[in-house]
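Coordinate analysis (summary)
Given next are the chains, with one letter for each unit.
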Amino acid sequence: MELLLSGFTHALYLLFSGEKDVYTITLLTLKVSFTAVMISSFIGLPLGGVLGLTSFSGRRFLLVLVNIGMGLPPVVAGLWITMLLWRSGPLGDYSLLFTPPAIICAQVLVSLPIIIGLTCSAFQKLDSQILLHLKALGATRSQAFLILLKEAKIGILAAIIAGFGRIMAEVGAAMMVGGNIQGDTRILTTSIVMEVSKGNFEVALALSFILMILSFTITFFLTFLQQGKETR
Amino acid sequence: METNLLQKILTFSCLLIVFLSTMIGCESNTSKKSNAKIEETKDLILATTTSTQDSGLLDVLIPMFEKEYSIHVKTIAVGSGQALEMGTKGEADVLLVHAPSSEEKLVRSGDVINRQRVMYNDFILVGPSDDPASLSGKTITESFYSLANGNGIFVSRGDDSGTHKKELTIWDSIGGHPASMESYIESGQGMGATLHIAAEKGGYVLTDRATFLAQQKNFPHLSIIIEGDKDLLNIYHVMQVNKEKHEKVYTFGAKAFVDFMVSDDTQKVISEFGKEEFGQSLFTSYTE
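Conventions and cut-offs
- The residue count restarts for each chain, going from 1 along the sequence in the order it is written.
- In the order they appear in the text, chains get letters beginning with A and ligands get numbers beginning with 1.
- Residues qualify for local features only when their pLDDT is at least 70, as the model is predicted, and side-chain atom pairs are given and counted only at 80 or more; totals for whole chains, interfaces and linings, by contrast, use all residues.
- For side-chain calculations, the full set of non-hydrogen atoms in the structure is used, while hydrogens and water are omitted.
- The secondary structure listing takes helices from DSSP runs of H or I that are at least 4 residues long and strands from runs of E that are at least 2 residues long, numbered from the N terminus.
- Per-residue accessibility, obtained with a 1.4 Å probe over protein chains only, is compared with the maximum for each type, and a residue is labelled buried under 20%, exposed over 50%, and partly exposed between these values.
- The contact criterion used is simple: two residues touch if any of their non-hydrogen atoms lie within 4.5 Å.
- For the accessible areas, the method is Shrake-Rupley and the probe is 1.4 Å, while residue cover comes only from the protein chains on display.
- Positive: Lys, Arg. Negative: Asp, Glu. His and the chain ends are not part of the count.
- Throughout, a charge is located at the NZ atom of Lys, the CZ atom of Arg, the CG atom of Asp or the CD atom of Glu.
- With axes taken as lines fitted to C-alpha atoms, and helix axes fitted only over the stretch in contact, angles between N-to-C directions fall between 0 and 180 degrees.
- Throughout, the term roughly parallel applies to angles under 35 degrees, roughly antiparallel to angles over 145, roughly perpendicular to angles from 65 to 115, and oblique to all others.
- Each helix crossing is assigned a hand: it is left-handed if the near helix lies turned anticlockwise from the far helix by less than a right angle, otherwise right-handed if that turn is clockwise.
- Nonpolar cores were defined as sets of buried Ala, Val, Leu, Ile, Met, Phe, Trp, Tyr and Cys residues, with membership established by side-chain atoms within 4.5 Å.
- An automatic or database domain assignment supplies the start and end points of every domain.
- What counts as buried area is the accessible surface, traced by a 1.4 Å probe, that two parts surrender upon association, with contributions from both included.
- Here, a salt bridge means any side-chain nitrogen of Lys or Arg that lies within 4 Å of a carboxyl oxygen of Asp or Glu.
- Two N or O atoms form a polar contact when they lie within 3.5 Å of each other; inside protein one atom must be a possible hydrogen donor and the other a possible acceptor, and for residues adjacent in sequence the pair counts only when both atoms belong to side chains.
- As a working rule, the residues Ala, Val, Leu, Ile, Met, Phe, Trp, Tyr, Cys and Pro are called nonpolar, Asp, Glu, Lys and Arg charged, and the rest polar, with Gly in that last group.
- To estimate the expected span of a helix, count its residues, drop one, and scale the result by 1.5 Å.
- Working note: the arc is built from the helix axis to C-beta atom directions.

Bringing the overall build of chain A into the picture now. Each helix and strand counted, chain A has 11 helices and zero strands in total. Counting from the amino terminus, helix and strand elements in chain A follow one another as α-α-α-α-α-α-α-α-α-α-α. If you line up chain A on its principal axes, its C-alpha atoms span 65 × 50 × 25 Å. Per-residue burial for chain A yields a buried fraction of 45% across its 232 residues. Within chain A, contacts between residues separated by at least 24 positions form 74% of all contacts whose residues are at least 6 apart in sequence. Accessible surface, chain A as shown: approximately 12000 Å² in total, 71% of it carbon and sulfur. The centroid of the 15 positive side-chain charges in chain A is displaced by 15 Å from the centroid of its 11 negative side-chain charges.

Residue and element names in this part refer to chain B. Put simply, helix α3 (residues 57-69) and helix α11 (residues 264-272) touch, their axes get as near as 11 Å, and they point 160° apart. Taken together, the axes of α3 and α11 are roughly antiparallel relative to one another. Note on packing geometry: the crossing formed by α3 with α11 is right-handed. Here α3 contributes L57, V60, L61 and M64 to the contact with α11, which in turn contributes T266, V269 and I270.

Let us look at the nonpolar core. Within the largest apolar cluster, 68 residues are counted, with the highest numbers of intra-cluster contacts made by F98(A), V177(A), L188(A), I76(B) and L95(B). In terms of residue count, helix α5 (residues 100-124) of chain A provides more of this core than any other element does, 10 residues in total. Leaving out residues up to four positions away in the same chain, L95(B) has contacts with L46(B), A47(B), A83(B), L84(B), G87(B), L106(B), V112(B), H237(B), V238(B), M239(B) and V241(B). Formed by 28 residues, the second largest nonpolar core is a distinct cluster that contains I71(B), V94(B), L96(B) and I270(B).

Attention now goes to the side chain of S146(B). Relative to the elements of secondary structure, S146(B) occurs in helix α6 (residues 140-148). Not counting residues within four places of it along the chain, the set of residues in contact with S146(B) comprises A133(B), L135(B), K138(B) and N151(B).

Residues and elements named next belong to chain B. Domain assignment breaks chain B into domain 1 (43-121 + 234-285) and domain 2 (122-232). On the domain 2 side, the residues contacting the 17 residues of domain 1 number 16 residues. Between domain 1 and domain 2, the buried area comes to about 1300 Å², and carbon and sulfur atoms account for 60% of it. Area buried by domain 1 at its contact with domain 2 is led by D54, N121 and N234, which between them contribute 29% of it. Taken together, domain 1 and domain 2 are joined by zero salt bridges. Run the count over domain 1 and domain 2 and you get three residue pairs in polar contact (both at pLDDT 80 or more). Those elements that provide at least two residues to the side of domain 1 that touches domain 2 are α2 (50-54), α4 (80-89) and β9 (233-241). In terms of residues, the side of domain 1 that touches domain 2 owes the most to one element, α2, which gives three residues. Residues belonging to the side of domain 1 that touches domain 2 are distributed by class as follows: five nonpolar, 11 polar and one charged.

Residue and element names in this part refer to chain B. One can find L233 in strand β9. Considering only alpha carbons, one finds L233 and I124, 109 residues apart in sequence, at a separation of 9.1 Å. Apart from residues no more than four positions distant in its own chain, L233 is found in contact with Y120, N121, F123 and K166.

Attention shifts here to helix α1 (residues 2-16) of chain A. Residue and element names in this part refer to chain A. Taking 1.5 Å of rise per residue, 15 residues should cover 21 Å, and α1 covers 21 Å from first to last C-alpha, within 8% of that figure. Among all positions of α1, only G7, H10, A11 and L14 are buried. Buried residues of α1 fall within an arc of 110° about the axis and therefore sit on the same side. In α1, those exposed residues whose orientation departs by more than 90 degrees from the buried face are E2, L5 and F16. Positive phi appears at G18, one or two residues downstream of α1, with a value of about 75°.

Glancing now at unusual backbone geometry. Of note, F98(A) is a non-glycine position whose phi angle comes to about 65°, a positive value. Here the phi dihedral of D160(B) falls at roughly 65°; this positive angle occurs in a residue that is not glycine. Position of D160(B) among the secondary structure elements: in the loop between β5 (154-156) and α7 (162-173). Look at D160(B) and you get partly exposed, because its relative accessible area is 40%.

Residue and element names in this part refer to chain B. In total, this model carries 13 salt bridges over all chains according to the counting rule given. A salt bridge links K275 to E272, with the nearest nitrogen and oxygen atoms 3.8 Å apart. Accessibility expressed as a relative area gives 41% for K275, which makes it partly exposed. On the basis of relative accessible area, E272 is assigned to the partly exposed category, the value being 47%. Via salt bridges that share partners, D122, R209 and E227 belong to a single interconnected network.

Structure, rendered in structure tokens:
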């Protein structure tokens, strides 16, 4: 209990004392996570839309792959990406291993299936009559898509929130492909692991509070965006 | 109502785009910077053991090196086993490890060159302060023998690190690996986590002195049971990965790092490190 309290006060101290390291780590965490969730959304939302709205042969099989991907353990993703990025690996010439883009790759890999899968089911849940009605009313393709997007908004934002949560929580892959290098690839989750192994529980606890505050704030805004005005 | 919603979606996407473009702006800025760096000097990848990071020694040495040579160092702190493996794969440029017999294999295979002795500290056996297996006063081999006979719990690193390799040589010297023993626990984790498990389970554990001293405040019930045994020396070597075998290795930086580690100034810093905080130095200067 005492440790919790001192961890919390230490978190406040770290946040407001202008400790440069904590800012670097927090900023990098935000930058990496946002970039990853953007990339995943820009790729995942259209793909999810296509999978949810159209029917073609092989669609079911793709969905199975996506659903397996949702459970992809981050360390597995990390291991694969590490091997791709090794100096001796196929992408070794770009020296990307142990850089922030490598972490982003890993996070995209683990969050993309979630965003595709949940977007797909959000579109599938729409009443199939809507599309017919829209066509009957003479809506153009883009008009129809905008209206469907609006109808599926809650589900789509749920997909983004879930993907973002996965990204913020991720540690195994970030540790492996990032290397937890000070000032370079050290993000909140990996520094928590490191501080625990150093035995600095107070600092680890403080960092965990910072991480939770970030997650809370961002999820809070996304949830408000999702629910819109309380009209009911 | 509908326009309202659409507006919201539009503003949100605008915000997203603005945010993304600033992000990409930052991104390309930094990548430009690092590209420039690659032309002048590359990043130096140092693969080392957790003990040098967890004890805080690298936090002192790396900034010194970076200032002196203006080479950016990326430190990957892993077990000695993984660090050596990074050497054989050419994934690291320079290694700082403490597993002499495994290191010699890499020297023989030509994966590393310019191997230099840097420093030592020693391994100690720590255990519950009340010493339930009464090992205090025995030699390290006698104690391991006693533990093998079920007199107490032993917590092993089990992660192929330098410390784990040391445990194994001691077990080998008394003729066998007690993995089948019920009182033998393998943590498969770093030194700090393993000490924690030992503290919770009331077990004995072999640790390097630096990590134990640096973390002792977290383990009020663990004490040093055996120290100063001649079998317990923990020697660190620095070595550069051979460019002739791994073409992407950054030789200039690696050589600079080896020179830096054995230089008089660095050695002085190493032998002073920890004196203020722990009353004794954590590492002892030990060049060839």
